[in-house]
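Reading the structure
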Amino acid sequence: MSLLIFGCGYLGMRVAKLAIARGEKVFGVTRDRADELRSLGITPILGDVTGALDFGVLGEESVDIVYCIGLDRRAGKSMREVYVDGLRNVLTSSLNIHRFIYVSSTSVYGQTDGGWVDETSETKPIEKSGEIVLEAEHVLRELAPNAIILRFAGIYGPDRVLRRESLLRGEPVPGSAAKFINLIHVDDGAEAVLSALATADDGAIHNISDGQPPTRGEYFTEAARLIGAMAPTFLENASTTEPNRRIRPGLFSKQLRFPSFREGLAHAVIGNHAG
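So, here is what we can say about the structure in this document. (Residues numbered from 1 in each chain as written. Predicted model: local features only at pLDDT ≥ 70, side-chain atom pairs only at ≥ 80, totals over all residues. Heavy atoms only, no water.)

What to know about empty space enclosed by the protein
Quick reminder of the rule: A pocket, in this scheme, is an open set of points on a 1 Å grid over the protein atoms alone with protein on both sides within 12 Å along at least 5 of 7 lines, while a cavity is a set where a 1.4 Å probe fits but cannot get out; residues line either one if an atom lies within 4 Å of a point. Grid points are joined across faces, edges and corners, and a volume is the space filled by probe spheres set on the points. In the scheme used here, Gly and all other residues not listed as nonpolar or charged are polar, with Ala, Val, Leu, Ile, Met, Phe, Trp, Tyr, Cys and Pro taken as nonpolar and Asp, Glu, Lys and Arg as charged.
Under the defined criterion, the tally for this structure stands at 1 cavity of 30 Å³ or more. Looking at side-chain class alone, the lining of the largest cavity contains 5 nonpolar, no polar and no charged residues.

Points about the environment of Glu 119
Worth spelling out the cut-off: By the criteria applied, helices consist of DSSP H or I runs no shorter than four residues and strands consist of E runs no shorter than two, each listed in order from the N terminus. Partly exposed describes any residue whose relative accessible area lies between the buried limit of under 20% and the exposed limit of over 50%, with all areas from a 1.4 Å probe on protein chains only and scaled to the type maximum. Residues count as neighbours in contact if any of their non-hydrogen atoms are within 4.5 Å of one another. Two N or O atoms count as a polar contact when they lie within 3.5 Å, although within protein this holds only if one can serve as hydrogen donor and the other as acceptor, and sequence-adjacent residues are included solely when both atoms are side-chain atoms.
Here Glu 119 shows up in the loop between strand S6 (116–117) and helix H4 (128–143). Here Glu 119 falls in the partly exposed class, since its relative accessible area comes to 25%. Residues Glu 119 and Gly 41 lie 78 residues apart in sequence; the distance between their C-alpha atoms is 35 Å. If near-sequence neighbours (up to four positions away) are discounted, Glu 119 is found in contact with Tyr 109, Arg 151, Ile 205, His 206, Asn 207 and Gly 250. A polar atom in the side chain of Glu 119 sits 2.8 Å from the backbone nitrogen of Asn 207.

As for the layout of surface pockets
Unfilled space is identified by rolling a water-sized probe across the atoms. Considered as a void within the structure, the second largest pocket measures approximately 170 Å³ in volume. Every residue lining the second largest pocket is listed: Leu 91, Ile 97, His 98, Arg 99, Phe 100, Leu 143, Ala 144, Pro 145, Asn 146, Ala 147, Ile 148 and Asp 202. For the lining of the second largest pocket, the element with the highest residue contribution is strand S5 (residues 97–105), accounting for 4 residues.

Looking at the nonpolar core
Quick note on the threshold: Take the buried residues of types Ala, Val, Leu, Ile, Met, Phe, Trp, Tyr and Cys, join any two whose side-chain atoms come within 4.5 Å, and each joined set is a nonpolar core.
Formed by 36 residues in total, the largest nonpolar core has its most connected members in Leu 4, Phe 6 and Tyr 67. Elements with a minimum of two residues in this core: strand S1 (2–6), strand S2 (26–30), strand S4 (63–67), helix H3 (79–91), S5 and H4. Non-local contacts of Tyr 67, meaning those with residues more than four positions away in its chain, are made with Phe 6, Val 49, Val 82, Gly 86, Leu 87, Val 90, Phe 100, Ile 101, Tyr 102 and Val 103. Counting residues in hydrophobic clusters, the runner-up holds 31 residues, among them Leu 3, Val 15, Cys 68 and Leu 197.

Below you can see the structure in the form of structure tokens.
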């Protein structure tokens, strides 16, 4: 069974590399990075989820799909066009789908009380981006009810340490230091995607989080220390409602290489020798 990846970005490329290392044939949809994908052993399919897509290279083959599209602002498309209209475009195409993994976000939860949230918790986003992500989930359920939804916490890792440049400049961090931030290291996230693809029940929803959420103060203070920046200050805005929840990890984020942000940040900043 071949694997087709939509969204060959920070997470998608790691999923592709893991799958190739395991001997799988991997295809990747890209607008303009065909040569890069080929160099990594990925067969490129040129196109955009919001436009016409030619899957002729797949023939009649049934494929597993990992859908982890992100918003590339350079493309000039709105988030709804990419996440909602793009997904509908793919699901009504000529693809012969075997298994479908949809990478969603814990932004679909809107809790603000700092309590624990699991897959049965209410989905009532308080941010516009979360509303669009939830709308996309509804499209998925309408057109592909057996698809598996993975709701990811904030993805971090090498070359993606939250607010790194602003910390180095000594700029205040927006938001409350006391509220929680939910995270998953990108390498653990990629493993979770392939594990879910192999064994998750049809139609299941799983949270992907390390289950050890620090406060924003804890996270950014440790990040600043590791990158050699001054301890951060925070700009709290009492008039703004901020998400504040602790994401309980689902079935596929229990056995982790980086069980908390402390191990993960050390790896992300210092490198593999720290991991």
